[in-house]
Amino acid sequence: MTGQHAGTVMECGVCWTRYDPAEGDAVAQIPAGTPFSALPDDWRCPTCDGEKHRFLAFGDHPATDAEASPADSLAAAYRHIATTRMADLPFYNHRLAVEAVGFQRFGDGWLGIVATPWFMNAVLAPLKAGAWNGIRDGIKVTRALPSGSYEFVAGNIEGIGTILNCSLFSPMFEFQEQAAVIEAAEAAMGALLAPEEFSEPEAPPPSPLPLPAPPAEVSRRHLLRGSFGS
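Residues numbered from 1 in each chain as written. Predicted model: local features only at pLDDT ≥ 70, side-chain atom pairs only at ≥ 80, totals over all residues. Heavy atoms only, no water.

## A few points about the overall build of the chain
Working step 1: The secondary structure content of the chain amounts to 3 helices and 9 strands.
Working step 2: Counting from the amino terminus, the chain carries its helices and strands in the arrangement β-β-β-α-β-β-β-β-β-β-α-α.
Working step 3: Each of the 230 residues in the chain was classed as buried or not, and the buried ones make up 43%.
Working step 4: A separation of at least 24 residues holds for 58% of the contacts in the chain among residues at least 6 apart in sequence.
Working step 5: Only carbon and sulfur atoms are counted for the fraction: they give 53% of the accessible area of the chain, which is about 12,900 Å². (Helix = DSSP H or I, 4+ residues; strand = E, 2+ residues; numbered from the N terminus. Buried < 20%, exposed > 50% of the residue type's maximum accessible area, 1.4 Å probe, protein only. Contact = heavy atoms within 4.5 Å. Areas by Shrake-Rupley, 256 points an atom, 1.4 Å probe, with all protein chains shown as cover.)

Here it is in structure tokens:
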């Protein structure tokens, strides 16, 4: 690790959340201007609750070529699958296209959303292609994310190796345009990375007449309690 000074920006080695002394930490009520070294020993990452010792000076662990984001490779692989195996199937939504959205480093891999004309999944991919090939296809794996624990299913993608998938939507006929798909994918990433909330239950207000919501308006409650695990 390089030497630290009062203004050194630190980054969580688990979820890559950054602590900037110039900004402090609003979650823990740490005022702006507080160096990382002055944080209490029991201070934890505001995103994943990782311990203070897991933080490294930002820039001390750049990704190597072997650890580049898999987003482009995943998108290319699923576009090939779309044209060679899926386009003629009845659950294929021809209004939509393949998209890899929001991939970022998380723990020992990359977390992001893959959307295709037939599904939208939260995806965990290894830092190095093929690193998880020891996990058999179809094996269910529970992974803890900042918003809670989710069940992922292992699957092998040619040219990439084994990745872990958590189903959000399938099929995709409720989406009529690609912009709505991207909006839902971005909302899903935000929900996955938002710290789990703990609050006392409140009495529900009187229920209004039900109104259908457009698919682009995907709430965190819908994503985390409805789509995941469906």
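## Thoughts on the packing of aromatic side chains
Working step 1: Taken as a whole, this structure holds 10 aromatic pairs when the rule is applied.
Working step 2: With a centroid separation of 5.6 Å and an interplanar angle of 85°, the aromatic rings of Trp 118 and Phe 119 are classed as edge-to-face.
Working step 3: On the basis of relative accessible area, Trp 118 is assigned to the buried category, the value being 9%.
Working step 4: With a relative accessible area of 10%, Phe 119 lands in the buried category.
Working step 5: Following the ring pairs from residue to residue traces out a cluster consisting of Tyr 19, Phe 36, Trp 43 and Phe 55.
Working step 6: Between Arg 105 and the ring centre of Trp 110, over which it is positioned, the NZ or CZ distance is 5.9 Å.
Working step 7: For Arg 143, the ring lying beneath its charged end belongs to Trp 132, and the centroid distance is 5.0 Å. (Phe/Tyr/Trp six-rings, centres within 6.5 Å; stacked < 30°, edge-to-face > 60°. Lys NZ or Arg CZ within 6 Å of the ring centre and 35° of its normal.)

## Digging into the sheet that holds strand β1 (residues 10–12)
Working step 1: The sheet built from 3 strands is open, its strands ordered β2-β1-β3 with antiparallel pairing. At either margin of the open sheet sits one strand with a lone partner, and together these are β2 (18–19) and β3 (55–57).
Working step 2: Bridge analysis of β1 against β3 gives 3 bridges, and the strand direction is antiparallel. Bridging across to β3, Cys 12 finds its partner in Phe 55. (Pairing = 2+ DSSP bridges.)

## So, the layout of surface pockets
Rolling a probe over the atoms, with the probe sized like a water molecule, indicates the empty space that remains.
Working step 1: Of the pockets and cavities examined, the second largest pocket occupies roughly 330 Å³.
Working step 2: Every residue lining the second largest pocket is counted, 15 residues in all, and those nearest its centre are Tyr 78, Ile 81, Arg 85, Trp 118 and Ile 157.
Working step 3: When contributions to the lining of the second largest pocket are tallied by element, the ones reaching two or more residues are α1 (71–86) and β8 (148–157).
Working step 4: When residues of the lining of the second largest pocket are assigned to their parent elements, the largest contribution, 7 residues, is made by α1.
Working step 5: Of the residues belonging to the lining of the second largest pocket, the class tally is 7 nonpolar, 6 polar and 2 charged. (1 Å grid on protein atoms, 1.4 Å probe; cavity = no way out; pocket = protein on both sides within 12 Å on 5 of 7 lines; lining within 4 Å. Points joined across faces, edges and corners; volume = space filled by probe spheres on them. Nonpolar A, V, L, I, M, F, W, Y, C, P; charged D, E, K, R; others polar.)

## What to know about the nonpolar core
Within soluble globular proteins, side chains that are nonpolar tend to cluster in buried spots.
Working step 1: Within the largest apolar cluster, 40 residues are counted, with the highest numbers of intra-cluster contacts made by Phe 55, Ile 113, Met 120, Phe 152 and Phe 175.
Working step 2: Broken down by element, this core gets its largest block of residues, 8 residues, from helix α2 (residues 178–193).
Working step 3: If we ignore the near neighbours within four places in the chain, the residues touching Met 120 are Ile 113, Val 114, Ala 115, Cys 166, Ser 167, Leu 168, Phe 169, Met 172, Phe 175, Val 181, Ala 184 and Ala 185.
Working step 4: Counting residues in hydrophobic clusters, the runner-up holds 21 residues, among them Ile 81, Tyr 92, Phe 119 and Ile 160. (Core = buried A, V, L, I, M, F, W, Y, C linked by side-chain atoms within 4.5 Å.)

## Comments concerning the pattern of salt bridges
Working step 1: Applying the stated rule across the entire model yields 5 salt bridges.
Working step 2: The salt bridge involving Arg 18 is made with Glu 11; its shortest N-O contact spans 3.0 Å.
Working step 3: Across the salt bridge formed by Arg 44 and Asp 49, the nearest N and O atoms sit 3.1 Å from each other.
Working step 4: A residue is classified by how much of its surface remains accessible, and Arg 44, at 36% relative accessible area, is partly exposed.
Working step 5: Look at the salt bridges and you will find they share partners, linking Arg 44, Asp 49 and Glu 51 into a network. (Salt bridge = Lys/Arg side-chain N within 4 Å of Asp/Glu carboxyl O.)

## Looking at α2
Working step 1: In this model α2 runs 23 Å from its N-terminal to its C-terminal C-alpha over 16 residues, within 8% of the 22 Å that 1.5 Å per residue would give.
Working step 2: Every buried residue of α2 is listed here: Gln 178, Ala 180, Val 181, Ala 184, Ala 185, Ala 188, Met 189, Ala 191, Leu 192 and Leu 193. (Expected span 1.5 Å × (residues − 1).)

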